[in-house]
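What follows is the residue order along each chain.
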Amino acid sequence: MWYHKPVINEELLQSLPNLKVVASSGVGIDHLDLKLLFSYGVKVSNTPFIVSTDTADMGMALLLASSRRLVEGHAMAVSPDTEHFPADWLGVEVSGATLGIVGMGTIGYKVAERAKAFEMKILYHNRNQRIKEEESAVGAVYCRKIDDLLLQSDFVLLAVNLTPQTHKLIGRRELELMKPTATLINISRGMVVDQGALVEALQNKVIKAAALDVTDPEPLPRDHPLLKLKNVIITPHIGSATKKTRWVMMEEMAESIEAALADLPVPRQVL
């Protein structure tokens, strides 16, 4: 499966009686009905580890681009109407700012490693607290309650899996807890954020900006209000989109398929 295609439903499974395995690209499996697949005896694999480095890089790229208003700046610099650069056109500082990471798995932790190099203060919220040695290595402070993280962070970065518990994890209440100077960055899944509430928060200056590699749906309808806001950066779900990573993803998917067809243990099998 690539970009969630083909859609696997009961009709497809009934038409493929010899199906043994579904190899899905990327880490997310929210597009798969695992209960249905397992009821047909079909194994499932994904590629969860190879994507983490590039996706963490993407998170930092969005943070930096938003904080320094790179997209707006580029548009100004190349516009045929620009006659001078305004002296009061300013971004916000990254060094010394507080980054709140929601979801401190492999990707979230790699973001923290990068943010430490930018001398950021790091808070994180996760189902489970990291061990002290891991926290100390990146200078991260655990927030048991997400509210505590939202109240303190200059940048809030989402790196969670999409589950029933994280669906619309960030809604109107959570956005109102954030600083009016804060930026929301999403590198997880579009449905982790209530997009209607996000539009209102950005339009009404409840928060300063948003930088999104994921939306719901993808792509957004061309008349969607998020596409018209200057304080929003949207990229086309390219967290893992580098040549090397996509090549390795393909190799891992093929490896899983070959193992399943040979009745061998399936690498990276989803249980």
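Throughout, residues of each chain are indexed from 1 in the direction in which the sequence is written. With pLDDT at 70 or above as the cut-off, local features in this predicted model cover only qualifying residues; side-chain atom pairs require 80 or more to be listed or tallied, and sums for whole chains, interfaces and linings still use all residues. To obtain the side-chain values, all non-hydrogen atoms of the structure were used and water was disregarded.

So, about the overall build of the protein chain. Within the protein chain one finds 10 helices and nine strands. Relative to its length of 271 residues, the protein chain is compact, with a C-alpha radius of gyration of 20 Å against a globular reference of 18 Å. In terms of overall dimensions, the protein chain has C-alpha extents of about 65 × 50 × 35 Å along its principal axes. Summarising the internal contacts of the protein chain: among those between residues at least 6 apart in sequence, 61% fall at separations of at least 24. The Shrake-Rupley method, run with a 1.4 Å probe, gives the accessible areas here. Residue values count only the displayed protein chains as cover. By element, 56% of the accessible surface of the protein chain is carried by carbon and sulfur atoms, the whole surface being about 14700 Å². The centroid of the 29 positive side-chain charges in the protein chain is displaced by 2 Å from the centroid of its 32 negative side-chain charges. In DSSP terms, a helix is any run of H or I states spanning at least four residues, a strand is any run of E spanning at least two, and both are numbered starting from the N terminus. Note on method: radius of gyration uses C-alpha positions; expected globular size equals 2.2 Å times residues raised to 0.38. In this description, contact between two residues means that some pair of their heavy atoms is separated by no more than 4.5 Å. This count recognises Lys and Arg as positive and Asp and Glu as negative, with His and chain-terminal groups excluded. Note that the charge is assigned to NZ on lysines, CZ on arginines, CG on aspartates and CD on glutamates.

What follows covers the domain arrangement of the protein chain. An automatic or database domain assignment supplies the start and end points of every domain. Domain boundaries assigned for the protein chain yield domain 1 (10-49 + 242-262) and domain 2 (51-80 + 91-234). The interface of domain 1 with domain 2 comprises 10 residues on the first partner and five residues on the second. If you sort the residues of domain 1 by the area they bury against domain 2, Val27, Asp30 and Phe49 come out on top, with a joint share of 58%. Think of a salt bridge as a Lys or Arg side-chain nitrogen and an Asp or Glu carboxyl oxygen that are within 4 Å of each other. For the interface between domain 1 and domain 2, the tally reads one salt bridge. Among the ionic pairs, Arg189 bridges to Asp30, the shortest N-O distance being 3.1 Å. Here a polar contact is recorded for every N or O atom pair within 3.5 Å, except that within protein the pair must consist of a potential hydrogen donor and a potential acceptor, and residues adjacent in sequence are included only if both atoms are side-chain atoms. Run the count over domain 1 and domain 2 and you get five residue pairs in polar contact (both at pLDDT 80 or more). Each residue is assigned to one class: nonpolar for Ala, Val, Leu, Ile, Met, Phe, Trp, Tyr, Cys and Pro, charged for Asp, Glu, Lys and Arg, and polar for all the others, Gly among them. Among the residues making up the side of domain 1 that touches domain 2, the classes are represented as four nonpolar, five polar and one charged. The quantity reported as buried area is the accessible area (1.4 Å probe) lost by two parts once they are put together, taken as the sum for both.

Glancing now at the environment of Lys205. By secondary structure assignment, the location of Lys205 is in the loop between helix 9 (195-203) and strand 8 (209-212). Residue class for Lys205 comes out exposed when judged on its relative accessible area of 68%. Counting along the chain gives 24 residues from Lys205 to Thr181, while the straight-line C-alpha distance between them is 8.5 Å. The buried label goes to any residue with under 20% of its type's maximum accessible area, the exposed label to any with over 50%, and the partly exposed label to all in between, with areas taken from a 1.4 Å probe on protein chains only.

This part takes up the pattern of salt bridges. Applying the stated criterion to the full structure yields 12 salt bridges. A salt bridge links Glu135 to Lys132; the shortest N-O distance between them is 3.7 Å. Remark: Lys132 and Glu135 occur in helix 6 (residues 132-138); sequence separation between them is three residues, near one turn of the helix. On the basis of relative accessible area, Glu135 is assigned to the buried category, the value being 7%. With relative accessibility at 54%, the residue Lys132 sits in the exposed group. As a salt-bridge pair, Asp154 and Lys179 come within 3.0 Å of each other at their nearest N and O atoms. You can see Asp154 sitting in the loop between helix 7 (146-152) and strand 6 (155-158) and its partner Lys179 sitting in the loop between helix 8 (172-177) and strand 7 (183-186), a full 25 residues away along the chain. When salt bridges that share partners are traced, they join Asp147, Arg173 and Glu174 into one network.

A few words on the sheet that holds strand 4 (residues 121-125). For sheets, the rule is that strands pair by backbone hydrogen bonds, running either parallel or antiparallel. Reading across from one edge, 5-4-3-6-7-8-9 is the order of the seven strands in this open sheet, with parallel pairing throughout. Each edge of the sheet is formed by a strand with only one pairing partner; in this case those strands are strand 5 (140-142) and strand 9 (232-234). Here the strands of the sheet are splayed against their neighbours by 15° on average, with no regard to which way each runs. Should DSSP find at least two bridges between two strands, the strands are regarded as paired. In the sheet, strand 6 pairs with strand 7 via four bridges, with the strands oriented parallel. The residue of strand 7 that forms the bridge with Phe155 is Thr183. For helices, the axis comes from a line fit to the C-alpha atoms of the stretch in contact; other axes are also lines fit to C-alpha atoms, and the angle between any two N-to-C directions lies between 0 and 180 degrees.

Right, let's get into the UniProt feature "domain: D-isomer specific 2-hydroxyacid dehydrogenase catalytic" (unreviewed entry) in the protein chain. UniProt positions are given in the numbering used here, feature names are shortened, and annotations may be inferred rather than shown by experiment. The UniProt entry lists residues 3-270 under the feature "domain: D-isomer specific 2-hydroxyacid dehydrogenase catalytic" (unreviewed entry), expressed in the numbering used here. Taken end to end, residues 3-270 has its terminal C-alpha atoms 18 Å apart, with 36% of it in helix and 13% in strand.

On to the packing of aromatic side chains. The description of two aromatic rings rests on the distance between their centres and on the angle between their planes. Between the rings of Phe, Tyr and Trp (Trp by its six-membered ring), a pair exists once the centres lie within 6.5 Å; its type follows the angle of the planes, with under 30 degrees stacked, over 60 edge-to-face, and the other angles tilted. A complete count under the given rule lists two aromatic pairs for this structure. Look at Trp2 and Tyr3: their rings are 6.3 Å apart centre to centre, the planes differ by 75°, and that puts the pair in the edge-to-face class. Overall, the relative accessible area of 25% leaves Trp2 in the partly exposed class. Pairing Tyr124 with Tyr142 gives two aromatic rings, centres 5.1 Å apart and planes at 45°, and the pair type is tilted. Taken together, the residues Tyr124 in strand 4 and Tyr142 in strand 5 connect sequence positions 18 residues apart. Note on Tyr124: relative accessible area 0%, which makes it buried. A relative accessible area of 15% places Tyr142 in the buried class.

As a further point, take the UniProt feature "domain: D-isomer specific 2-hydroxyacid dehydrogenase NAD-binding" (unreviewed entry) in the protein chain. Here, the residues flagged by UniProt with the feature "domain: D-isomer specific 2-hydroxyacid dehydrogenase NAD-binding" (unreviewed entry) are residues 60-239. In the segment residues 60-239, helix accounts for 32% and strand for 16%; the C-alpha atoms at its two ends are 11 Å apart.

With that settled, consider the environment of Glu174. Positionally, Glu174 belongs in helix 8. Here the alpha-carbon distance between Glu174 and Ile187, two residues 13 residues apart in the chain, equals 18 Å. When near neighbours in sequence (up to four residues on either side) are disregarded, Glu174 contacts Leu150 and Leu169. Here Arg173 takes part through its side chain, which lies 3.2 Å from a polar atom of the side chain of Glu174.

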